[in-house]
Amino acid sequence: MTRREVLKQMYAVVVAVGASSFLSFDDLLAMDKGEIAKPNLVWLHGTSCSGCSTSFLNVEGVPLVDILTEYTNVVFHPDISLATGHQVTDMLERADEYKDFIFVFEGSIPMAMPHACMLGDKPMTYWVDKLVRKSSVCIAAGTCASFGGITNMEGMVTGPKPLADFISYQGIKKPVVNLPNCPMKPEQLLYVLFYYLKTHNTPELDDEKRPLRFFGNTVHERCTRHDDFTRKKFAKKIGDEGCLFYLGCQGIVTKNDCPINGHNGNTNICIKAGHPCIGCAGKYFPRKIMLHTYDDKRPNERFKVIS
Ligand code: SF4
Ligand code: SF4
């Protein structure tokens, strides 16, 4: 395979995630020749299950490592870098040397129990503070990093803070992009990376720092069962045809592009598979009661949450 054919494969990903409107094939050729500088990339996990990295590393089409190394200089990623131990901490201590770097953070920051998440002999609070200050832009990968998510569910004692809250708590001013989803959608992160690469800016964001392109509409607005909702044809149990509203569907209050950009390379989403949306990209995920029966008599949380 020639170099140009490899680059064509790379560019197919740019097209697939909708970034070809601002990033041309000529840009990619220029980058390949070193005529356009690639930004550095530092990725860290806080308290997390690593699901967002797993989702990202399994992007469809071209091997993700090829995409990352073609479009960025990966300084460190916990799952793909070979460096370990002091090599990593020494590299991160030298963050000021990495001019123009994108900081991607996955999971949350345990403020009430800093030793719950350590890198070397220092807590995550130290590393995130240091890296955020030196970075050009920060990206919160997934719902935990954006809003707290699973790491902030009822009963947690670690006092987790999402990235943007930590940054403002530390009094730091830095652009942050939230990409909530449990797990994060790789296409959304690639779009933001490509956008930054070309413009040195973030795409247009909403009040929750989410790209409007992905989070401008609720799942409900574009749902394949919306017609059933309008005609009041409701499912009475999971697997039934009809709108899943009475089974606890959160699509009505959850902003996300699932109906047009599903998980696993748009293979499927919850609702198409017959399961209510549980609002995994929402600010109040996970809720205490995630699913309802048609005639549920428990306290009604169905309409409480707007995210
Ligand atoms: S299944 Fe959910 S998202 Fe779809 S129409 Fe019904 S309430 Fe709305
Ligand atoms: S449909 Fe709802 S729960 Fe499913 S992936 Fe989309 S936002 Fe998350």
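Residues numbered from 1 in each chain as written. Chains lettered and ligands numbered in written order. Predicted model: local features only at pLDDT ≥ 70, side-chain atom pairs only at ≥ 80, totals over all residues. Heavy atoms only, no water.

Asks: So what exactly am I meant to see when it comes to the packing of helix 5 (residues 85-93) against helix 6 (residues 124-134) here?
Replies: When two helices pack together, their arrangement is given by the angle between the helix axes and the distance between those axes. The contact between helix 5 and helix 6 brings their axes to 10 Å, and the two run at 40 degrees. Relative to helix 6, the element helix 5 lies oblique. Only Tyr 126, Trp 127, Lys 130 and Leu 131 of helix 6 make contact with helix 5, whose side of the interface consists of Thr 89, Leu 92 and Glu 93. Of the residues in the contact of helix 5 with helix 6, the class split is four nonpolar, one polar and two charged. (Axes fitted to C-alpha atoms, helices over the stretch in contact; angles between N-to-C directions. Helix = DSSP H or I, 4+ residues; strand = E, 2+ residues; numbered from the N terminus. Parallel < 35°, antiparallel > 145°, perpendicular 65-115°, else oblique. Contact = heavy atoms within 4.5 Å. Nonpolar A, V, L, I, M, F, W, Y, C, P; charged D, E, K, R; others polar.)

Asks: Could you clarify how one ought to interpret helix 4 (residues 64-71) in this entry?
Replies: Within helix 4, the full set of buried residues consists of Leu 64, Ile 67, Leu 68, Glu 70 and Tyr 71. Along the long axis of helix 4, the arc covered by the buried residues comes to 165 degrees, so they all point the same way. (Buried < 20%, exposed > 50% of the residue type's maximum accessible area, 1.4 Å probe, protein only. Arc of directions from axis to C-beta.)

Asks: In this structure, what is going on with the layout of surface pockets? I would like to understand it.
Replies: A probe matching the size of a water molecule, rolled over the atoms, marks out where space remains unfilled. Empty space within the largest pocket amounts to approximately 330 Å³. When contributions to the lining of the largest pocket are tallied by element, the ones reaching two or more residues are helix 1 (3-16), helix 9 (186-199) and helix 10 (212-215). When residues in the lining of the largest pocket are grouped by element, the largest group, four residues, is from helix 1. Here the lining of the largest pocket is built from residues that sort into eight nonpolar, six polar and five charged. (1 Å grid on protein atoms, 1.4 Å probe; cavity = no way out; pocket = protein on both sides within 12 Å on 5 of 7 lines; lining within 4 Å. Points joined across faces, edges and corners; volume = space filled by probe spheres on them.)

Asks: What should I look at first to understand the nonpolar core in this one?
Replies: One broad rule of soluble globular proteins: the nonpolar side chains tend to lie buried together. Ranked by size, the top nonpolar core spans 42 residues in total, and within it Phe 56, Ile 67, Tyr 71, Ile 139, Leu 190, Leu 193 and Phe 194 carry the most contacts. It is helix 9 that provides the largest number of residues to this core, a total of eight residues. Residues contacting Ile 67, with those up to four places away along its chain left out, are Met 10, Val 13, Val 59, Val 62, Leu 190 and Phe 194. With 29 residues, the next largest nonpolar core counts Leu 44, Leu 119, Met 124 and Ala 145 among its residues. (Core = buried A, V, L, I, M, F, W, Y, C linked by side-chain atoms within 4.5 Å.)

Asks: Looking at this structure, how should I read the packing of aromatic side chains?
Replies: Inspection of every chain in the model, using the stated rule, returns 15 aromatic pairs. Arranged with centres 5.4 Å apart and planes meeting at 85 degrees, the rings of Tyr 191 and Phe 214 form a pair that is edge-to-face. Residue Tyr 191 is found in helix 9, and its partner Phe 214 is found in helix 10; the two are separated by 23 residues along the sequence. Residue classification places Tyr 191 among the buried residues on the basis of a relative accessible area of 7%. Site record: aromatic cluster; members linked through ring pairs are Phe 229, Phe 234, Phe 245, Tyr 246 and Tyr 294. The residue whose ring lies beneath Lys 122 is Tyr 126, and the NZ or CZ to ring-centre distance is 5.0 Å. Its guanidinium or amino end placed over the ring of Tyr 169, Lys 161 lies 4.8 Å from that ring's centre, counting from NZ or CZ. (Phe/Tyr/Trp six-rings, centres within 6.5 Å; stacked < 30°, edge-to-face > 60°. Lys NZ or Arg CZ within 6 Å of the ring centre and 35° of its normal.)

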